Amino acid sequence: MPEILEVESYRMLAERVIGARISRGFSDQYAAKKLPSTSFWSRSVKGLTITGTDRRGKLMLLDTDGMRLGMRFGMTGVLLLDSDAGIDGLFYGPHTYRSSWIRAGIEFEDGRKLVLHDPRRLGRVEVEPDLSELGPDALRIKRKEFDQVLRINRGDGPALKARLLDQSVVAGVGNLLGDEMMFRAGIDPRRGTATLTLVERDDLFKAWTQTMKTLQRRGGSHTGDHMEGRFPGGLCPRDGGEMRSATIGGRTTYWCSVHQH
DNA sequence: ATGTAGACTTGGACCA
DNA sequence: GGCTTCCAAGTCTACA
C-alpha cells in the first residue's frame, strides 16, 4: 500500500531510533537488489548511529554518522519497529504479519529492531541512494515547483497522469493519489500536460495540496473520494456518472466521464 | 520524447 | 477447500 503518505508515516516511526547505534543489519537478496551484493547492507550499516530521518517521495532516508541509508517499500512493504506499526489500519488485506515476510532491517545496541516487512518482495534497502533522479517532494511541493511539473518544452507533452507518476519530475505521486487529485480537480487524466488552462492549473494545485492534507488526516492513500467508484462498472460518488478506466502511464487509471474533462 | 508491454514477486479475490 | 486466472499500492528494462 505504500504511497507517499504511508512512507511519511514510516519516516515518523523511524524518528524513534535517532541516537541509536546499529549493532547488526540484515537483508535478503531481493531487498538488496540495488546493492552490489547481498551482504553489502549488513557490512555497511554495522556500527552506524542514526542521526536523523528524511524522505524524498517514496524513498525513506536514514541519516547516520557515516553513510546515508535508504529504504523503499515497493507495493506491499511496511516499516515496523519491533512489532509496532507506524499507523494502524494501513496494512495489506487483513492485517497479516509473518516473521517470514521480514526481508531486511537493522538491529540496535539497545535491542530494538527496525524492519522491512514485505510479502511481495519489491521493497529495497539502499546505501547512499541517488537523489538526483528524483523530482521535488510531492508532499511539500510549492507552487513554483508545481508549475515546473506541468512545464513542457514542445507539443502537448505526455498524458497528465503519466506526468504525475514520473518520479523524476515530481517524487511521490502514486497511482491512487494521482487519480484522486485529478478527480478533485475535474481534469481528464488523458489530457496532454501542456493543454491545461491557467484555471485548470490552479484547480489542480489546489486539489493537490488539499488531497494531501485530507488524506493524511484520514490516514492514507486508500481513503480518497474517488475510491468508491474505483472498480469496473463503478459510478462517480460525486455525480453518479460512469467511471471510465484505462491504462495510462503504465497503471490502471479511473476517472469520471461526467465531471473530469 | 513518449508510449507500451512485460518483468519482477506473491498473495488475495473471484469462480467453479 | 483447492485450482485457475487475473489483478495489485512501485519501479525497471526493452522496444516500437
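Residues numbered from 1 in each chain as written. Chains lettered and ligands numbered in written order. Predicted model: local features only at pLDDT ≥ 70, side-chain atom pairs only at ≥ 80, totals over all residues. Heavy atoms only, no water.

Asks: Is there a simple way to think about the protein's contact with DNA strand B in this case?
Replies: Lining the immediate surroundings of DNA strand B are 10 residues, of which Tyr 30, Arg 120, Arg 121, Pro 158 and Ala 159 lie closest. The sugar-phosphate portion of DNA strand B accounts for 75% of its atoms within 4 Å of the protein, the bases making up the rest. In the model, a phosphate oxygen of DNA strand B is placed 3.3 Å from a nitrogen or oxygen of the Trp 101 side chain. In the environment of DNA strand B, a phosphate oxygen lies 2.8 Å from a nitrogen or oxygen atom belonging to the side chain of Arg 121. Its residues placed into classes, the surface near DNA strand B shows seven nonpolar, one polar and two charged. (Near = heavy atom within 4 Å. Polar contact = N/O pair within 3.5 Å; in protein donor to acceptor, adjacent residues only side chain to side chain. Nonpolar A, V, L, I, M, F, W, Y, C, P; charged D, E, K, R; others polar.)

Asks: Is there a simple way to explain the packing of aromatic side chains in this structure?
Replies: The description of two aromatic rings rests on the distance between their centres and on the angle between their planes. Here the structure, examined in full by the defined rule, presents three aromatic pairs. Geometrically, the ring pair formed by Tyr 10 and Phe 73 is tilted, given 4.7 Å between the ring centres and 55 degrees between the ring planes. Separated by 63 residues along the polypeptide, Tyr 10 in helix H1 (residues 4-14) and Phe 73 in the loop between strand S4 (69-72) and strand S5 (78-81) bring together distant segments of the chain. Given the relative accessible area of 2%, Tyr 10 is considered buried. Residues Phe 146 and Phe 205 carry aromatic rings whose centres are separated by 5.0 Å and whose planes lie at 55 degrees to one another, so their mutual orientation is tilted. Residue Phe 146 is found in helix H3 (residues 143-150), and its partner Phe 205 is found in helix H6 (residues 198-218); the two are separated by 59 residues along the sequence. Assessed through its relative accessible area of 0%, Phe 146 is described here as buried. Take Phe 205: its relative accessible area is 17%, and that puts it in the buried class. Grouped by ring-pair contacts, the aromatic residues Phe 146, Phe 205 and Trp 208 constitute a single cluster. (Phe/Tyr/Trp six-rings, centres within 6.5 Å; stacked < 30°, edge-to-face > 60°. Helix = DSSP H or I, 4+ residues; strand = E, 2+ residues; numbered from the N terminus. Buried < 20%, exposed > 50% of the residue type's maximum accessible area, 1.4 Å probe, protein only.)

Asks: What is the right way to look at H1 in this model?
Replies: Since the α-helix packs 3.6 residues into each turn, any two residues three or four apart lie on the same face. Across the 11 residues of H1, 10 count as buried, placing the element largely inside the fold. Listed as buried for H1 are Ile 4, Leu 5, Glu 6, Val 7, Glu 8, Ser 9, Tyr 10, Arg 11, Leu 13 and Ala 14.

Asks: What should I look at first to understand the domain arrangement of chain A in this one?
Replies: How big an interface is tends to be reported as the loss of accessible area on association of its parts. Partitioning chain A into domains gives domain 1 (4-127) and domain 2 (138-256). For domain 1 and domain 2, the distance between their C-alpha centroids amounts to 29 Å. Contact residues are listed per partner, giving 10 residues for domain 1 and 16 residues for domain 2. Note on domain 1 versus domain 2: buried area summed over both sides is about 960 Å², and carbon and sulfur give 61% of it. Counting the surface domain 1 buries against domain 2, the share from its top three residues, Ile 4, Leu 5 and Lys 58, is 54%. Close ionic contact of Arg 140 with Glu 8 constitutes a salt bridge, the shortest N to O distance being 3.7 Å. Where domain 1 packs against domain 2, one counts one residue pair in polar contact (both at pLDDT 80 or more). Contributions of two or more residues to the side of domain 1 that touches domain 2 are made by H1 and strand S2 (50-56). If you tally residues by element for the side of domain 1 that touches domain 2, the top one is H1, at four residues. (Domains from an automatic or database assignment. Contact = heavy atoms within 4.5 Å. Buried area = accessible area lost by both parts, 1.4 Å probe. Salt bridge = Lys/Arg side-chain N within 4 Å of Asp/Glu carboxyl O.)

Asks: Before we go on, may I ask you to explain the pairing of strand S11 (residues 251-256) in this structure?
Replies: Taken residue by residue, a regular strand's side chains alternate between the two faces of the sheet. By the bridge criterion, six bridges tie strand S10 (residues 243-248) to S11 in an arrangement that is antiparallel. From the neighbouring strand, Thr 247 faces S11, where its bridge partner is Thr 252. Where S10 folds back on S11, the antiparallel hairpin that results is connected by two residues, among which Gly 249 adopts a positive phi of roughly 60 degrees. (Pairing = 2+ DSSP bridges.)

Asks: How should the packing of helix H5 (residues 175-185) against H6 be read in this particular structure?
Replies: Packing of H5 against H6 brings their axes to within 8 Å, and their N-to-C directions diverge by 125 degrees. Considering their axes alone, H5 and H6 lie oblique with respect to each other. The interaxial crossing formed by H5 with H6 has right-handed handedness. Packed against H5, whose contacting residues are Leu 177, Glu 180, Met 181, Met 182, Arg 184 and Ala 185, the element H6 presents Asp 203, Leu 204, Ala 207, Trp 208, Gln 210, Thr 211, Met 212, Thr 214, Leu 215 and Arg 218 at the interface. When the residues that make up the contact of H5 with H6 are grouped by side-chain class, the tally is nine nonpolar, three polar and four charged. (Axes fitted to C-alpha atoms, helices over the stretch in contact; angles between N-to-C directions. Parallel < 35°, antiparallel > 145°, perpendicular 65-115°, else oblique. Left-handed = near helix turned anticlockwise from the far one by under 90°.)

Asks: Mind showing me how you'd approach the pattern of salt bridges here?
Replies: For the coordinates displayed, the defined rule picks out 24 salt bridges. Across the salt bridge formed by Glu 8 and Arg 55, the nearest N and O atoms sit 2.8 Å from each other. Taken together, the residues span a long stretch of sequence, with Glu 8 in helix H1 and Arg 55 in strand S2 at a distance of 47 residues. Take Glu 8: its relative accessible area is 5%, and that puts it in the buried class. You can call Arg 55 buried: its relative accessible area is 4%. Among the salt bridges present, the one from Asp 54 reaches Arg 68, with a minimum N-O distance of 3.5 Å. Of this pair, Asp 54 sits in strand S2 while Arg 68 sits in the loop between strand S3 (59-64) and S4, placing them 14 residues apart in sequence. Of the residues examined, Arg 68 reaches a relative accessible area of 23% and is grouped as partly exposed. In this structure, a network of salt bridges that share partners links the residues Glu 8, Arg 11, Glu 15, Arg 55, Asp 137 and Arg 140.

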